[in-house]
Amino acid sequence: MPAGLDFIRRIAKIDSDYYPETMGKLFIVNAPRLFGFFWGICKAWVDPKTAKKVEVLGSGAIGYEKLQTFIPASSLPSEYGGTCAPFNEELKEESKR
């Protein structure tokens, strides 16, 4: 097995053995098209319950609409289709305090 796939398999086993059911939902946003292909291969080593919690979203309106079914627009930065300040703006404000 290639080293990269073996690494992913080991990480997936550690996650499912030591951190079961701690994740509600995981969104991978602005994923390149090939990522979905690789995720399809790698999720074979992830517990099926966990794999169902992972959503791979491309960029653009369709992905952002999916995000808004789980996260209110007021909590999403504008670069992800929401109405709150972009992440960099919030970080700049935090660093001033």
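Look up: the structure comes first, before these words.
A. Representation of the packing of aromatic side chains in the model. For the coordinates displayed, the defined rule picks out three aromatic pairs. Each ring, one from Tyr 64 and one from Tyr 80, has its centre 6.1 Å from the other, and the planes form 85°; the classification is edge-to-face. Of this pair, Tyr 64 sits in helix 4 (residues 61-68) while Tyr 80 sits in the loop between helix 4 and helix 5 (87-96), and the two are 16 residues apart along the sequence. A residue is classified by how much of its surface remains accessible, and Tyr 64, at 15% relative accessible area, is buried.

B. Seen up close, the nonpolar core. Core analysis: the largest hydrophobic core is formed by six residues, namely Ala 12, Trp 39, Cys 42, Val 46, Ala 51 and Val 54. If sequence neighbours within four positions are ignored, Trp 39 has contacts with Val 46, Ala 51, Val 54 and Val 56. Phe 27, Leu 57, Tyr 64 and Leu 76 belong to the second-largest nonpolar core, a separate cluster that totals five residues.

C. Quick peek at the side chain of Glu 55. The topology assignment puts Glu 55 in strand 2 (residues 54-56). In contact with Glu 55, not counting residues within four places along its chain, are Lys 25, Leu 26, Phe 27, Ile 28 and Lys 66.

D. Here's a closer look at the environment of Trp 45. On the secondary structure map, Trp 45 appears in the loop between helix 2 (33-42) and helix 3 (48-51). Its relative accessible area of 27% is what places Trp 45 among the partly exposed residues. When the C-alpha positions of Trp 45 and Arg 10 are compared, they lie 8.5 Å apart, and in sequence the two are 35 residues distant.

E. Quick peek at helix 4. Along helix 4, the residues classified as buried are Gly 63, Tyr 64 and Leu 67. Viewed along the axis of helix 4, the buried residues span an arc of 95°, placing them on a single side of the element. Exposed positions of helix 4 whose direction lies more than 90 degrees from the buried face are Ala 61, Ile 62 and Glu 65. Those residues of helix 4 that are buried lie in contact with strand 1 (26-28).

Rules used throughout
Residues numbered from 1 in each chain as written. Predicted model: local features only at pLDDT ≥ 70, side-chain atom pairs only at ≥ 80, totals over all residues. Heavy atoms only, no water. Phe/Tyr/Trp six-rings, centres within 6.5 Å; stacked < 30°, edge-to-face > 60°. Helix = DSSP H or I, 4+ residues; strand = E, 2+ residues; numbered from the N terminus. Buried < 20%, exposed > 50% of the residue type's maximum accessible area, 1.4 Å probe, protein only. Core = buried A, V, L, I, M, F, W, Y, C linked by side-chain atoms within 4.5 Å. Contact = heavy atoms within 4.5 Å. Arc of directions from axis to C-beta.

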